[in-house]
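# Structure at a glance
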Amino acid sequence: MIERLKKYWVFLLIALIGINYAGFYLLWESMGISDALEHVESEHVIRTLKQKDFVYTLFVDAVLILDFSLILLLLFMGGRKIVQLIIKK
């Protein structure tokens, strides 16, 4: 797995940036939906907006989980490298 990361890290970085951009865009749209929910009176429109908000929230949560897991992976890899350097000395 580490060898694949070394080989395709540029593509993974571009994909991660794209996913984060989409997550922040959907977060911005979700705030607009929350504002629109205050002014809408139709039950059908309220239901539709709540469904969109739920899907957007799921995607944003998935992006956050992906980011935190990537941070933990990088910390693990860095910690392992530091321990290897300490053991060699």
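Described in the following lines is the structure provided in the data block. From a predicted model like this one, the values you see are computed outputs, not experimental measurements.

## Here's the deal with the overall build of the protein chain
On a plain count of helices and strands, the protein chain comes out with two helices and zero strands. Whereas a compact globule of 89 residues would reach a radius of gyration of roughly 12 Å, the protein chain reaches 20 Å, over 25% beyond that. Over its C-alpha atoms, taken along the principal directions, the protein chain stretches across nearly 70 × 25 × 15 Å. Each of the 89 residues in the protein chain was classed as buried or not, and the buried ones make up 13%. Of all intrachain contacts in the protein chain linking residues separated by at least 6 positions in sequence, the fraction that spans at least 24 positions is 67%. As presented, the protein chain carries roughly 7700 Å² of accessible surface, and 71% of it is formed by carbon and sulfur atoms. Within the protein chain, the 9 negative side-chain charges are centred at a point lying 25 Å from the centre of the 10 positive side-chain charges.

## Quick notes on a nonpolar patch on the surface
Taken together, the side chains of Trp-9, Val-10, Leu-13, Ile-14 and Ile-17 present a nonpolar region at the surface, about 510 Å² in accessible area. Take Val-10: it is sitting in helix H1 (residues 2-39).

## Remarks on the packing of aromatic side chains
Given two aromatic rings, their pairing is described by the distance between the two centres and the angle made by the two planes. This model, assessed by the stated rule, comprises one aromatic pair. Aromatic pair Tyr-8 and Phe-11: ring centres 6.4 Å apart, planes at 45°, arrangement tilted. Taken together, the residues span about one helical turn, with Tyr-8 and Phe-11 both in helix H1 at a distance of three residues. By relative accessible area, which is 40% here, Tyr-8 ends up partly exposed. For Phe-11, a relative accessible area of 57% translates into the label exposed.

## What about the side chain of Ser-30?
With respect to the helices, strands and loops of the structure, Ser-30 is situated in helix H1. Judged by its relative accessible area of 11%, Ser-30 is buried. Setting aside its immediate chain neighbours within four residues, Ser-30 contacts Asp-53, Tyr-56 and Thr-57.

## Points about a positive patch on the surface
A grouping of Lys-6, Arg-80, Lys-81 and Lys-88 is seen on the molecular surface, where their side chains present a positively charged patch. The biggest single contributor to the positive patch is helix H2 (residues 43-88), with three residues. On the secondary structure map, Lys-88 appears in helix H2.

Conventions we followed
Residues numbered from 1 in each chain as written. Predicted model: local features only at pLDDT ≥ 70, side-chain atom pairs only at ≥ 80, totals over all residues. Heavy atoms only, no water. Helix = DSSP H or I, 4+ residues; strand = E, 2+ residues; numbered from the N terminus. Rg over C-alpha atoms; globule rule 2.2 N^0.38 Å. Buried < 20%, exposed > 50% of the residue type's maximum accessible area, 1.4 Å probe, protein only. Contact = heavy atoms within 4.5 Å. Areas by Shrake-Rupley, 256 points an atom, 1.4 Å probe, with all protein chains shown as cover. Lys, Arg positive; Asp, Glu negative; His and termini not counted. Charge placed at Lys NZ, Arg CZ, Asp CG, Glu CD. Patch = residues over 30% accessible without salt bridge, like charges linked within 9 Å, V, L, I, M, F, W, Y side chains within 5 Å. Salt bridge = Lys/Arg side-chain N within 4 Å of Asp/Glu carboxyl O. Phe/Tyr/Trp six-rings, centres within 6.5 Å; stacked < 30°, edge-to-face > 60°.

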